[in-house]
Amino acid sequence: MSPLNYLRPKTMAEAMEQLQSGVALAGGTGLTPRRAQIETVVDISDLGLDKITKIQKIFQIGAGTSLQAILGNVEVPAALRQACVLEAGWNMRNMATLGGTIMEADGRSAMLTILLALDAEIAREPEGDLIPIERFLSVRDKITLITQIRFEEPRKLLYEQVARTPLDFPIVCVSLVEADESSRTLRLAIGGYGMRPLRLPDLKKFVRKGANIDEIVHRAQGAYENAGDEWASAEYRSAVAGILVRRLLEEGTAE
Ligand SMILES: Cc1cc2nc3c(=O)[nH]c(=O)nc-3n(C[C@H](O)[C@H](O)[C@H](O)COP(=O)(O)OP(=O)(O)OC[C@H]3O[C@@H](n4cnc5c(N)ncnc54)[C@H](O)[C@@H]3O)c2cc1C
């Protein structure tokens, strides 16, 4: 194994230059097992990316914020804090960051499922732009640096999962967001399988009258009709996805 080049930039400009020949190092919990393939790491911990702020209704969470710090911030929506517990145990949560987590997460990630339902946006460098999480997931392997994750405070945020044990990664999970009072848009994401969670089409809150809950349940079942792997059969996942979506829609549309 070659010696590791460790760099620790103090400014974003320095980081951008160094990241041309190295990989971002946040908590290191995902990178460490791949140490043998890495020559240069760029430690991002001096870039001030570990702040959680809420300006008006917009949450901004620095990509370098540890999962434990998110869990400990009582302003952050409860389901997102709970997702930190589902991502990692206490030791790992103190090191692992939100940025590192969403760079590594697959379909079995509670965090990614919730951020998808929240319609989060990802701030990245060197582009200096803000991209929707859906787009982030399609360009993830080309990202140089995430600086921040932003989302609007939802009126309601719900999450449920079925797993082998309460703290295990989900076999199926669903998150439902009611956006805000004015738009009353409902957003649903399902996870528990594959490379990434999925978004179901947005709905308006009129589903509370029951008219199209069945249709949405059917879509959720359809999304997982081929989702079989070593953890569960496709039939099981599809049935559970339908049950969880119905449960959250009934809960989420109750006043
Ligand atoms: C025992 C163990 C079990 C694990 N189990 C799982 C698991 O089941 N599921 C899972 O998804 N992960 C798992 N991991 C991987 C890892 O712990 C998590 O994904 C973790 O949240 C990564 O966060 P980190 O801050 O430590 O990232 P790091 O290890 O520092 O980085 C992880 C990756 O993200 C990149 N990165 C980090 N921050 C940024 C940023 N701000 N901008 C751009 N790129 C960035 C790094 O370059 C690297 O490629 C496990 C790790 C260990 C040690």
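Treat the numbers as computed from the prediction; the structure is a model and nothing was measured. (Residues numbered from 1 in each chain as written. Predicted model: local features only at pLDDT ≥ 70, side-chain atom pairs only at ≥ 80, totals over all residues. Heavy atoms only, no water.)

(A) Layout of the sheet that holds strand β3 (residues 40-43). Reading across the sheet, the three strands line up as β1-β3-β2 and stay open at both edges, with parallel pairing between neighbours. Looking at strand neighbours, the two that pair on one side only are β1 (5-7) and β2 (23-25), the edges of this open sheet. Each adjacent strand pair in this sheet contributes to an overall mean axis angle of 35°, direction not counted. Note that β1 and β3 share three bridges and pair parallel. Paired with Y6 across the two strands is V41, which belongs to β3. (Pairing = 2+ DSSP bridges. Helix = DSSP H or I, 4+ residues; strand = E, 2+ residues; numbered from the N terminus. Axes fitted to C-alpha atoms, helices over the stretch in contact; angles between N-to-C directions.)

(B) Layout of the site of the ligand. Lining the immediate surroundings of the ligand are 24 residues, of which A24, T29, G30, T97 and T101 lie closest. At 2.6 Å from an oxygen atom of the ligand is found a main-chain nitrogen or oxygen belonging to A24. Taking 960 Å² as the accessible area of the ligand by itself, protein coverage stands at 77%. Mapped onto the shell around the ligand, the elements with two or more residues apiece are β2, α5 (98-104) and β8 (145-152). (Near = heavy atom within 4 Å. Polar contact = N/O pair within 3.5 Å; in protein donor to acceptor, adjacent residues only side chain to side chain. Areas by Shrake-Rupley, 256 points an atom, 1.4 Å probe, with all protein chains shown as cover.)

(C) The packing of aromatic side chains, seen in detail. For the structure shown, the criterion picks out two aromatic pairs. Taking 5.1 Å as the distance between ring centres and 25° as the angle between the ring planes, the aromatic pair formed by F59 and F151 counts as stacked. Here F59 is found in strand β5 (residues 58-62), whereas its partner F151 is found in strand β8, with 92 residues between them in sequence. Assigned by exposure class, F59 and F151 land together as buried. Seen from their ring centres, Y193 and Y224 are 5.9 Å apart, and the 75° between their planes marks the pair as edge-to-face. Here the residue Y193 occupies a position in the loop between β11 (185-191) and β12 (198-199), and Y224 occupies one in the loop between α8 (213-223) and α9 (234-252), the gap between them amounting to 31 residues. According to the relative accessible area criterion, Y224 is buried, its value standing at 1%. (Phe/Tyr/Trp six-rings, centres within 6.5 Å; stacked < 30°, edge-to-face > 60°. Buried < 20%, exposed > 50% of the residue type's maximum accessible area, 1.4 Å probe, protein only.)

The quantities given are spatial measurements derived from coordinates; they are silent on function.
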